[in-house]
Amino acid sequence: MIFYRQKVLLALIEISGGKLSNTDLEKLLFLFCKASKQNHYDFFPYKYGAFSFLTYYDKCKLVEKGFLKNCTHFELVSSSPSFLQDIKKNDLEELREFFLRIGNLRGRDLIRKTYLDYPEYASRSEISKKLLSKDEYLEASSHWNPENEKLLFTIGYEGKSIDQYLYELLANNIQVLVDVRKNPFSRKHGFSGKSLREYLRKVGIRYLHLPELGVPSKLRQDLNGKESYRQLFELYELEILADKQEALKQIEDMIKAKQRIALTCFEADPEMCHRNVVAKHVSANLKENAHSFHI
């Protein structure tokens, strides 16, 4: 069995003739997701524009399952069945209409189209000045976020792919991600400590794990409502956080040095996560320029 998103990926390769370069695959898949208004995959701005780490993770899995060749590009094995009939009827119609519109646009022309249509994804491109005219580049760069005043953020990865998570960090110009989980392990791809550190390194964000700011697992048992969380966070602040001045000082020193940092843990709702307690504590200590923002 394979995930539905992987079926969409394979169908896109099939309708493209069974073979795509890495860059063409990324850009076509990105444009198709935008055109169909469905995030089969999420993307973030990278060296050549919109990019997804999850597509490469899926590629490895599809090679293992015998659907893709083990090569540098994306290519179906010759014995692969048709995947076009494996996707939903409306997705198939969208895909066919999309390829009628996109035609044979590939390579630099395809990249250029993504920059012009979705300029926010060109913000970290290494080739945007080569592909765009001066006026086009100025117009594209006007969509990039130059804001650097806010310094303290929090973010949870619940319900997010690694690519969406990176998009939100980059969109807010985060420089350091501070992991406040006791144990940085996750069954979700990309969010265990080692993997997360590597993905962040690739996009230029520093990773710092402060396990001493985590909540012991025994205290997380039997949490079943806002009141139980309120009691947990009260206990956490009084009996755990008060003892962790060295770790808190590391965060405060980064903010004093004007580094934009984000505290991370699992929960999507910051009110249900101890990272919010840490953020409030840091904000109170620094008083100025340290109000926290939840991504």
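Above this text is the structure in question.
If you're wondering where the values come from, they're calculated on a predicted model, not measured in any experiment.

Draft legend 1. Layout of the pattern of salt bridges. Within this structure, the stated rule accounts for 11 salt bridges. With a shortest N-O distance of 2.8 Å, R112 and E136 are connected by a salt bridge. Taken together, the residues span a long stretch of sequence, with R112 in helix α5 (residues 107-117) and E136 in helix α7 (residues 134-141) at a distance of 24 residues. Exposure remark for E136: the relative accessible area of 22% places this residue in the partly exposed category. For the salt bridge of K113 with D117, the shortest nitrogen-to-oxygen distance reads 2.8 Å. Pair noted here: K113 and D117 are both in helix α5, with a separation of four residues, about one helical turn.

Draft legend 2. Representation of helix α4 (residues 89-102) within the structure. Here α4 contains 14 residues, and its C-alpha end-to-end distance of 20 Å stays within 8% of the 20 Å for a straight helix at 1.5 Å per residue. Along α4, the residues that are buried comprise D91, L92, L95, F98, F99 and I102. The arc that holds the buried residues of α4, viewed along the axis, is 125°, so those residues lie on one side. Facing away from the buried side of α4 by over 90 degrees, the exposed positions are K89, L100 and R101. Close packing links the buried residues of α4 with α1 (4-15), α2 (22-36) and α5. Following α4 by one or two positions, G103 has its phi on the positive side, about 55°.

Draft legend 3. Local environment of the packing of helix α11 (residues 245-256) against helix α12 (residues 275-286). The geometry of α11 relative to α12 is characterised by a closest axis approach of 10 Å and an angle of 65° between their N-to-C directions. For the pair α11 and α12, the crossing hand works out as right-handed. Taken together, the residues of α12 that come into contact with α11 (itself represented by Q245, L248, I251, E252, I255 and K256) are V278, H281, V282, N285 and L286. For the contact of α11 with α12, the per-class residue count stands at six nonpolar, three polar and two charged.

Draft legend 4. Seen up close, the pairing of strand β5 (residues 152-156). Most of β5 is tucked away: five of the five residues are buried. Here β5 shows a buried face lined by L152, T154 and G156 and a second buried face lined by F153 and I155. Across five bridges, the pairing between β5 and strand β8 (residues 261-265) is parallel. Bridge assignment links I155 to a residue of β8, and that residue is T264. Here β5 runs beside strand β9 (residues 292-294); their pairing, made up of three bridges, is parallel. Considered in β9, the bridge of T154 is made with H294.

Draft legend 5. Representation of the side chain of H73. Among the secondary structure elements, H73 is positioned in the loop between α3 (53-64) and β4 (74-75). Here the side chain of H73 touches E75 through a polar contact of 2.7 Å, side chain to side chain. Dropping the residues within four chain positions of it, H73 is found in contact with K19, L20, S21, N22 and K59.

Reading the values: rules and limits
Residues numbered from 1 in each chain as written. Predicted model: local features only at pLDDT ≥ 70, side-chain atom pairs only at ≥ 80, totals over all residues. Heavy atoms only, no water. Salt bridge = Lys/Arg side-chain N within 4 Å of Asp/Glu carboxyl O. Helix = DSSP H or I, 4+ residues; strand = E, 2+ residues; numbered from the N terminus. Buried < 20%, exposed > 50% of the residue type's maximum accessible area, 1.4 Å probe, protein only. Expected span 1.5 Å × (residues − 1). Arc of directions from axis to C-beta. Contact = heavy atoms within 4.5 Å. Axes fitted to C-alpha atoms, helices over the stretch in contact; angles between N-to-C directions. Left-handed = near helix turned anticlockwise from the far one by under 90°. Nonpolar A, V, L, I, M, F, W, Y, C, P; charged D, E, K, R; others polar. Pairing = 2+ DSSP bridges. Polar contact = N/O pair within 3.5 Å; in protein donor to acceptor, adjacent residues only side chain to side chain.

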